[in-house]
Amino acid sequence: MKQITLTKSEREIMDLLWNTDRPLTATEIVNLTPERTWKKSYIHLLINSLIDKNLIKSDTLVRTGRNFGRAFVAIDTQEEFEIRQITSARNFSQDSVPALVSVLLESVSSPAVLDRLIGILQEKKELLEAQSGQK
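Presented here is a report on the structure given in the accompanying data block. From a predicted model like this one, the values you see are computed outputs, not experimental measurements. (Residues numbered from 1 in each chain as written. Predicted model: local features only at pLDDT ≥ 70, side-chain atom pairs only at ≥ 80, totals over all residues. Heavy atoms only, no water.)

Considering all chains together, one arrives at five salt bridges under this definition. With a closest N to O distance of 2.7 Å, E10 and K53 form a salt bridge. Of this pair, E10 sits in helix 1 (residues 8–18) while K53 sits in the loop between helix 3 (43–52) and strand 2 (56–64), and the two are 43 residues apart along the sequence. With a relative accessible area of 3%, E10 lands in the buried category. Members of the salt-bridge network, linked through shared partners, are R11, D15 and E82. (Salt bridge = Lys/Arg side-chain N within 4 Å of Asp/Glu carboxyl O. Helix = DSSP H or I, 4+ residues; strand = E, 2+ residues; numbered from the N terminus. Buried < 20%, exposed > 50% of the residue type's maximum accessible area, 1.4 Å probe, protein only.)

Attention shifts here to the environment of Q78. Along the polypeptide, Q78 turns up in helix 4 (residues 78–87). Given a relative accessible area of 28%, Q78 falls into the partly exposed group. Separated by 33 residues in the primary sequence, Q78 and P111 place their C-alpha atoms 25 Å from one another. Every residue in contact with Q78, bar those within four places of it in the chain, is listed here: R11, D15 and W18. (Contact = heavy atoms within 4.5 Å.)

Let us now look at the nonpolar core. By size, the foremost hydrophobic cluster in this structure holds 21 residues, and its most contacted members are I13, M14, I29 and I43. Here this core takes five residues from helix 1, the largest share from any one element. Every residue in contact with I13, bar those within four places of it in the chain, is listed here: I29, W38, I43, L46 and L50. (Core = buried A, V, L, I, M, F, W, Y, C linked by side-chain atoms within 4.5 Å.)

So, on to the environment of R36. If you trace the backbone, R36 turns up in the loop between helix 2 (26–31) and helix 3. Residues R36 and E12, spaced 24 residues apart in sequence, show a C-alpha to C-alpha distance of 7.2 Å. If we skip the residues at most four places from it in the chain, R36 touches E12 and V30. At a separation of 3.0 Å, a polar atom in the side chain of R36 contacts the main-chain carbonyl oxygen of V30. (Polar contact = N/O pair within 3.5 Å; in protein donor to acceptor, adjacent residues only side chain to side chain.)

Here we come to the sheet that holds strand 3 (residues 67–74). Working definition: the strands of a sheet are paired by backbone hydrogen bonds and lie parallel or antiparallel to each other. Taking strand neighbours across the sheet as the criterion, the three strands line up as 1-3-2 in an open arrangement whose pairing is antiparallel. Sheet topology places strand 1 (24–25) and strand 2 at the edges, where each strand pairs with a single neighbour. Bridging between strand 2 and strand 3 involves eight bridges; their strand directions are antiparallel. Bridge pairing in strand 3 places L61 opposite R70. Across the sheet, helix 3 is in contact with strand 2 and strand 3; its angle to strand 3 comes to roughly 50°. (Pairing = 2+ DSSP bridges. Axes fitted to C-alpha atoms, helices over the stretch in contact; angles between N-to-C directions.)

This part covers helix 1. Of all 11 residues that make up helix 1, eight are buried, and the element is covered over most of its length. The set of residues buried in helix 1 consists of S9, E10, E12, I13, M14, L16, L17 and W18. Contacts from the buried residues of helix 1 go to strand 1, helix 2, helix 3, strand 2, strand 3 and helix 4.

Here we take up the side chain of T25. In this structure, T25 sits in strand 1. Taking relative accessible area as the criterion, T25 reaches 6% and is therefore assigned buried. Non-local contacts of T25, meaning those with residues more than four positions away in its chain, are made with V62, T64, R70 and A71.

Given below as structure tokens:
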């Protein structure tokens, strides 16, 4: 997967969608970003760009006055997006995983989180061993 570059304007829209618990229309996005760095007339260009980058999708149709408008949601959570950015970096490989996990573990202070990680690792190991046994 290729690393995705977001413009400042696209990032503003993504931050709004990630922090809103419902789909938003283009008009709502404009109205909810009073500090935006882009002109409100650019909203459709920005939305189309985010759709092309496979970051948002049209979720529902919403009645807006006499018409209907599309409402948009982020395809991935912000956390999933940020992780994909790291793992799609040009020099990232499976050999990078231990270093990445080591850095992430520096912020862990809960034994319960470590127990969950041990479980995830054990499941992955069993899956890989089962797959290699089938070959």
